Each structure stands twice: as structure tokens, then as C-alpha cells.
Amino acid sequence: MLTDVELLDLYRQLRERDVLSVYLDAEERDPAEKTAWRRRLNNLVAEARGAAGRRAAFDAAVARVMERLDQYTGFLPGRGWAAFATPDRLWYAGSLPAPMPDLVAWDTGMRVAPLVRGLKQNRAVIALLLDRQRARLFRYRGGELGEPEELVPDAPEPDIEGTRGAKRAATHTGMRGATGTDVRQSLADAAAERLARLAVERAVALAGDDGFLVLGGTPEMIAAAARRLPKTMAGRVAERPSLHLAVTPAELQPILEEAASTLSRKQQEELLRDVLEAARAGGLGAIGREHVEYALRDGGVDTLLISRRLRESQPEVVERIIRAALDAGVTRVEELGGEGADALDGEAGGVAARLRYRPRPAETVGAK
């Protein structure tokens, strides 16, 4: 799956070339329909060929994609699949973690709008499960759950066998008046604290700049981990106390998907609220197609927000806007669904943007 940066690089390489873009829905799981995607693809290719210019080049690009698809004799992998080819080269082909519309397009430059949803589903989700003795970390990305990492306290408990009284405890530990039980408890507490610190440091590193973190395990250690989270993780953490260290991958994956969906939706709704408030106040927000497209031409957009309903109902409009965003070097594009999409549609016509700076004045906002 392409990252935001890889998508931008590929888009720029193909911007002036004739490109075949292929998207396929891979969600079919009925054994009787395991090759239905191939019939749909053949129909779409025939339709696109009928309207294509430079048919020899079109056919050569189709052959590149079909050669890759020949490896699949049944279902396609993932929830969606995409490929981009020119007559001389297959530039990208692979599964996607989100369902895709069936689409075959022969155009100058690659079709990018359907990829937006898939890119956001490619965000890493880290599960940190811990108790006082050990921690387990899982990384879920692109529909795949990796093997767990195991962490244990970084220092063994010292041998305090035979510690009974205050004098003996003081001799061995320097803790005046401590019993063997007290010393063991103190050492166990210190080890648990070290484990929480090390586990959080590792989880934050795995999450990166935009990944999510899901905490599970014992309530005591969830709280210990939460206290150590840096401010950069604000809004990207969910606690799921029902998760325990013995959870199976099959049990864990849907919980991580649900937590990531909840966190993503909350982030998007907060971002939209901030953008709408800023736009109303004449600040760093733009709403409506004309204002957003003008800000894109002016180079002032930081984050583009698109309604899913608009992408589905007016794909060519959204394609144009997202291409303009990539031309401007904008790699953060958020597609909103649900209540966020309702608000975006109702107040901004399905398009809004967070700005880096206010656009330069123009006689007509959105003028060509």
C-alpha cells in the first residue's frame, strides 16, 4: 500500500503521461462469485477501450495490468485492489485495506480520488497490552496484524532470600526497617514502572507521527502507561480494558479496527469543527469549492477535507480538486463519512480546507 509521500511521488512522475488506472472492489466472498471481479474488469476495459485514444498504447497498458492479475485464480486479496500502468511499465499494483469502486480510466495522469480512503486505512494501529510482569505490542496496518513483540522488566529481582528483620533488610537494601515482603514489593513496583516506561516508549515509536495506540491489560498498568504518554499522542489513544495479554489475533483485530475507526472519526470531526469556526471568523479555514480551489492555487492549504458523498456523486469534481491538492504538494486529504460528512455537505458543499496562511486577496475568489 502506498504511503502519502509515495503517492505524491508517483502522481508527479505520471502527471504528464497517458496512464491506465484500474480499481477493483475485492469484498466479494461468495465462493460461487470468486472470479466475478474478472468479468466486471473485462466489461470495464471494453468500455474504456471504446472511448480511448491511442488504442495501441491503451492495449499495451492493459496487458501490463492483466499480466499481474493472472496470478489470482480466485478472490483478490484485501478489500480493494488498484493498479497504474503506462504502455511501457506497470508502476504500481496491489491490494488496498478499503473497498474500492470498480473503475478503469485511460487519462493523462493517474486517477487518485479513490485512493484517499485507502490511504487513511493504511495508518498504523498499535496495541499495547501489559500487566506487571510483561507487555505485548501488536502492529496492525493495511489489514494485516503483525507478530507480537514481548517486553519484560529490564532487570531481575535481586536475591533477598532470608531477609527477615529490619537489620538484615538494611544490610542488603539500605531500606531501614523494611521486611523481606516490603523489599520484594518495592522492587516489583519499580520493575513494573520500568516496564510501563519502556513499553510506552516503544509503542509511541511504532505509532509514529499519525498512528493510533490502543491500551489494554490490567487497569493499574493501563493507567501507568497512560500517565507516560507524550502530548503528541493526544487524540490518538483509546483504552480497551477488556483486552488481555492472552487475546488471540482473531479476537484482537476487530477491536483494533473499531478503535481506529472511532479515533479517526473523532479526529476528523474535531478538525472539521476547527476549520468551520476558523472560516466563519475569517481565519485559517476555507469552505466551499471556489474558496478551497483558490487557496490551493495560492499554495495555502494544509489539509483538504472531502465528503464521501461528494466523491461518490461527483467523482470528476473530487478528482479535479484532489489533483490540485497534489499539484500543490498537499498530502493530507481526509475523506469524511457519517455525521462529519453531513456537516461538511450542509455547510461547505462537501469541500473544506485547513489553511497554512490566508490566501492573497483576489477580486473574485476562485477566479481562473
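Our structure is the block above this text.
Parameters and conventions
- Residues numbered from 1 in each chain as written.
- Predicted model: local features only at pLDDT ≥ 70, side-chain atom pairs only at ≥ 80, totals over all residues.
- Heavy atoms only, no water.
- Pairing = 2+ DSSP bridges.
- Helix = DSSP H or I, 4+ residues; strand = E, 2+ residues; numbered from the N terminus.
- Axes fitted to C-alpha atoms, helices over the stretch in contact; angles between N-to-C directions.
- Contact = heavy atoms within 4.5 Å.
- Buried < 20%, exposed > 50% of the residue type's maximum accessible area, 1.4 Å probe, protein only.
- Polar contact = N/O pair within 3.5 Å; in protein donor to acceptor, adjacent residues only side chain to side chain.
- Expected span 1.5 Å × (residues − 1).

### Considerations on the sheet that holds strand 12 (residues 301–307)
Sheet strands pair via backbone hydrogen bonds, and the direction of the pair is either parallel or antiparallel.
(1) Moving on: Spatially, four strands are ordered 11-14-12-13 in an open sheet, and the strand pairing comes out mixed. Of all strands in the sheet, those bounded by a partner on one side alone are strand 11 (285–287) and strand 13 (333–336). Averaged over all pairs of adjacent strands, the angle between strand axes in this sheet comes to 20°, irrespective of strand direction.
(2) Moving on: Across the sheet, helix 8 (residues 249–280) lies against strand 11, strand 12, strand 13 and strand 14 (351–355), angled at about 90° from strand 11, the strand it touches most.
(3) Moving on: Across the sheet, helix 9 (residues 289–297) is in contact with strand 11, strand 12 and strand 14; its angle to strand 14 comes to roughly 40°.

### Quick word on the side chain of Arg123
(1) Moving on: Mapped onto the secondary structure, Arg123 falls in the loop between helix 4 (115–121) and strand 5 (125–130).
(2) Moving on: With relative accessibility at 10%, the residue Arg123 sits in the buried group.
(3) Moving on: Within the local environment of Arg123, its side chain forms a polar contact with the backbone oxygen of Asp210, the two atoms lying 3.2 Å apart.
(4) Moving on: Once residues lying within four places of it in the same chain are set aside, the contact partners of Arg123 are Tyr140, Arg141, Asp210, Gly211, Phe212, Ser264, Gln267 and Glu334.

### Observations concerning the environment of Leu215
(1) Moving on: Following the sequence through the fold, Leu215 ends up in strand 9 (residues 212–217).
(2) Moving on: Owing to a relative accessible area of 0%, Leu215 belongs among the buried residues under this scheme.
(3) Moving on: Through-space distance from the C-alpha of Leu215 to that of Ala260 is 12 Å; in sequence the pair is 45 residues apart.
(4) Moving on: Not counting the four nearest positions on each side in its chain, Leu215 is found in contact with Leu128, Ile222, Ala225, Ala226, Leu229, Val237, Ala238, Glu239, Arg240 and Pro241.

### Re helix 8
(1) Moving on: Spanning 32 residues, helix 8 covers 46 Å between terminal C-alpha atoms, matching the ideal 46 Å at 1.5 Å per step.
(2) Moving on: What helix 8 keeps buried is the set Leu252, Leu256, Ala259, Ala260, Leu263, Ser264, Gln268, Leu271, Leu272, Val275, Leu276 and Ala278.
(3) Moving on: Directly after helix 8, the chain includes Gly282, whose backbone phi takes a positive value near 75°.

### Considerations on the sheet that holds strand 3 (residues 89–96)
(1) Moving on: Spatially, 3-2-1-4 is the arrangement adopted by the four strands of the open sheet, whose pairing is antiparallel. The sheet is open, and its two borders are formed by strand 3 and strand 4 (103–108), each paired with just one other strand. Pairwise comparison of adjacent strand axes, ignoring direction, gives a mean angle of 10° for this sheet.
(2) Moving on: Taken strand by strand, helix 3 (residues 55–69) contacts strand 1 (18–25), strand 2 (80–86), strand 3 and strand 4, and its axis lies near 140° from that of strand 2.

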